[in-house]
Amino acid sequence: MPRPVPGADLLAGSYKVKVQYSTPGIAGDGTALLIKALHDFGGKEPATDLADSEEKRQ
C-alpha cells in the first residue's frame, strides 16, 4: 500500500477501515491530535472539514 501524501489521500478506498485515531474526549492522544489539527489548519472549521466531507460521503 503506498504511503498517503496529503490528508485527503486517506479518504481513498484503499485506506478504508485501516486509519483510526483515539476519541479526543476520552484519550489524551486523540486530544493532542485534535489540538494540533486546530492549530495547523487555523481553527475548528478548517480542521474538521476533511472529517465532515467524509461523513457526508457515507
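Note: the structure precedes this text.
Just so it is clear, the model here is predicted, and its values are computed rather than measured.

Student: I tried to follow the overall build of the chain on my own but got confused; where do I start?
Tutor: A tally of regular secondary structure across the chain gives two helices and zero strands. Residue burial in the chain is summarised as follows: out of 58 residues, 9% are buried. If you sum the accessible surface of the chain, you get close to 4,900 Å²; carbon and sulfur atoms cover 59% of it.

Student: I keep staring at helix α1 (residues 28-41) and nothing clicks. Help me out?
Tutor: The α-helix advances 3.6 residues per turn, and as a result positions three or four apart in sequence lie on the same side. In a regular helix each residue adds 1.5 Å, so 14 residues correspond to 20 Å; α1 covers 20 Å between its end C-alpha atoms and thus fits that length. One or two steps after α1, the chain reaches Gly42, where phi turns positive at roughly 85°.

Student: In this structure, what is going on with the pattern of salt bridges? I would like to understand it.
Tutor: Where charged atoms from two side chains of opposite charge come close, those side chains can pair. Enumeration over the complete set of coordinates arrives at one salt bridge. Of the charged contacts, one joins Asp40 and Lys36 as a salt bridge, the two residues approaching to 2.7 Å between their closest N and O atoms. Within this pair, Asp40 and its partner Lys36 are both found in helix α1, separated by four residues, close to a single helical turn.

Student: Could you clarify how one ought to interpret the environment of Gly30 in this entry?
Tutor: Summarising the element assignment, Gly30 is placed in helix α1. Spatially, the C-alpha atom of Gly30 lies 10.0 Å from that of Gln20, the residues being ten residues apart in sequence. With near-sequence residues (within four places) excluded, Gly30 lies in contact with Ser22 and Pro24.

Reading guide: rules and limits
- Residues numbered from 1 in each chain as written.
- Predicted model: local features only at pLDDT ≥ 70, side-chain atom pairs only at ≥ 80, totals over all residues.
- Heavy atoms only, no water.
- Helix = DSSP H or I, 4+ residues; strand = E, 2+ residues; numbered from the N terminus.
- Buried < 20%, exposed > 50% of the residue type's maximum accessible area, 1.4 Å probe, protein only.
- Areas by Shrake-Rupley, 256 points an atom, 1.4 Å probe, with all protein chains shown as cover.
- Expected span 1.5 Å × (residues − 1).
- Salt bridge = Lys/Arg side-chain N within 4 Å of Asp/Glu carboxyl O.
- Contact = heavy atoms within 4.5 Å.

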